[in-house]
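Each chain is listed here by its residues.
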Amino acid sequence: MKAKWLAALLAALCALLTAVAAGAERSGACGDHVTWTLSGEGVLTVSGQGDMGDFDSSPFPAADVKFAVIEPGVTRIGDWAFSGCAALSGVSIPEGVTAIGEGAFNGCISLEEAAFPDGLARIGYGAFAGCTALRRVVFPAGVDLSGYAFSGCAGLTSLSFPDHVTAGGWAFYGCGGLTEVSFRDGVTCVGGVDFYGCPNLADIFMPDSVTSIDYGFSFNRYNHPRLGITAQTCGSPAYNWATSYGFPVRALNHIPVMDPADPSAVIRCAVCGEMIRPQETDPTPRSGTYLERGVDGVFRVYTDGVFDAGYEGLIDYEDQSFFTAGGMVLTGASGLALYDGVWYFLAEGRLVKEHSGFVLYDGEWFLIRNGLLDADASGIYEYNGFRFLISLGRKVSEYSGLWQNSDGQWLFIAGGQVVEYTGLALYDGAWFYVVDGALAVDYTGEVAYNGARFTVVNGMLAG
Ligand SMILES: [Zn+2]
């Protein structure tokens, strides 16, 4: 059992050793004082001092190079050095490299990104031609691109240039995916870059720093039927140049001025005169305190455009009024609510100002007038054909007996309500004659009641 296990381990070890041998490090010279090393993982390192040599084809095992590291000290990448490295996906180029030779990365179809260091002065003829996977290129200021340098890089969709970049004829020829080009802020001259053979180029951005667009900027509307120019500000040299050459042109910045004749409605650009849409101007926040419905559907209180979390009380919205606390409508509030000495009749926070009459709240009846407790109401109040005894807006339900109204009438009350009754009624041990709920104090005579006849004097039963 143990022997069998040992045999399996030895077999695994042999397999591992074979794999290492297949990926063994290889190396060589590629310049007078420059060498290369290719690791088992496919990383090619170029190190030493000075320029690499120039070649007619790659001096490396081109099919096995997956990533290239140029170490500091190397000053130039030689002609055709990495050409045809089909598996090369990236390259690291340090500061100190000042030139990249002719065809150096020609046909590196897996290369996706190329970032060049400051100080790089020249990229040679066709250096990155046919790098169809290339999506991102970072150019340093002042670099000179030789002819065809990036021709046939179909994967490039956008490019950004710093100042003083020049590009020889047909540098981007056949970059059919290129749609956007921008010159970075600070670029003063865009004259040296040629986009001939980029038929889908649709937009070139030029900042206000661009003051020179010379003859070398050799594109025209015939070569670029889709091209429009984006200027930073209308009236800038780039804007005026594009306008004079008949390109569609737009400006990111206008200078808005209000028409003094109609300050509320008309805003025009002071430079180009174009109408500026109202949403491009800063909206003036509403002043005062008001209720506003948010995009979430929630109503909140704002004061001068700012959420007013400290607000409490009634606030109007359209033709309604709402009861708020903490800047929010008290949607949970229904019934009577006391605020600042006034009782309000609410339904889910809304003042029910269309209501006048009695409402039952907390077991008591209250008299409401236009949504507010009628706290001045005292005396007899008629509602729905009945009369009630009210004190400070509250029905006096605990009261039963005779009660003298403001017109001098004595009314017969039971449970706070006038008893709409005609006949004899017992109160406090005595019998009274009542007509429609009022004591008949002026009546003296006989009264028929329950089949018998009684004598009444001044509304009271005699005897
Ligand atoms: Zn304008």
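Residues numbered from 1 in each chain as written. Predicted model: local features only at pLDDT ≥ 70, side-chain atom pairs only at ≥ 80, totals over all residues.

## Side note on the overall build of the protein chain
Helix and strand counts for the protein chain stand at 2 helices and 44 strands. The proportion of buried residues among the 463 residues of the protein chain is 28%. Long-range pairs, those at least 24 residues apart, make up 30% of the contacts in the protein chain between residues at least 6 apart in sequence. (Helix = DSSP H or I, 4+ residues; strand = E, 2+ residues; numbered from the N terminus. Buried ≥ 20, exposed ≤ 12 C-beta atoms within 10 Å, placed from the backbone. Contact = placed C-beta atoms within 7 Å.)

## Observations concerning the sheet that holds strand β4 (residues 50–51)
The 6 strands lie next to each other as β4-β6-β8-β10-β12-β14, forming an open sheet whose pairing is parallel. Every other strand in the sheet has two partners, leaving β4 and β14 (166–167) as the edge strands with one partner each. Sheet topology note: the strand β6 (residues 74–77)/strand β8 (residues 99–100) ladder contains 2 bridges and is parallel. Paired with R76 across the strands is A99, a residue of β8. (Pairing = 2+ DSSP bridges.)

## With respect to unusual backbone geometry
One non-glycine residue, L392, adopts positive backbone phi at about 50°. Of note in the backbone geometry, N450 takes a positive phi value of approximately 55° without being a glycine. Considering the arrangement of structural elements, one finds N450 in the loop between β42 (445–449) and β43 (452–457).

## Observations concerning the pairing of strand β40 (residues 430–435)
Summarising the sheet, strand β39 (residues 423–427) and β40 pair through 5 bridges and their orientation is antiparallel. Its bridge partner lying in β40, Y427 is registered against A430. Counting the residues between successive antiparallel strands, the hairpin from β39 to β40 contains 2 residues, one of them, D428, with a positive phi of roughly 55°. With 2 bridges connecting them, β40 and strand β41 (residues 438–439) associate as antiparallel partners. Residue V435 lies in a different strand from β41, and its bridge partner there is A438.

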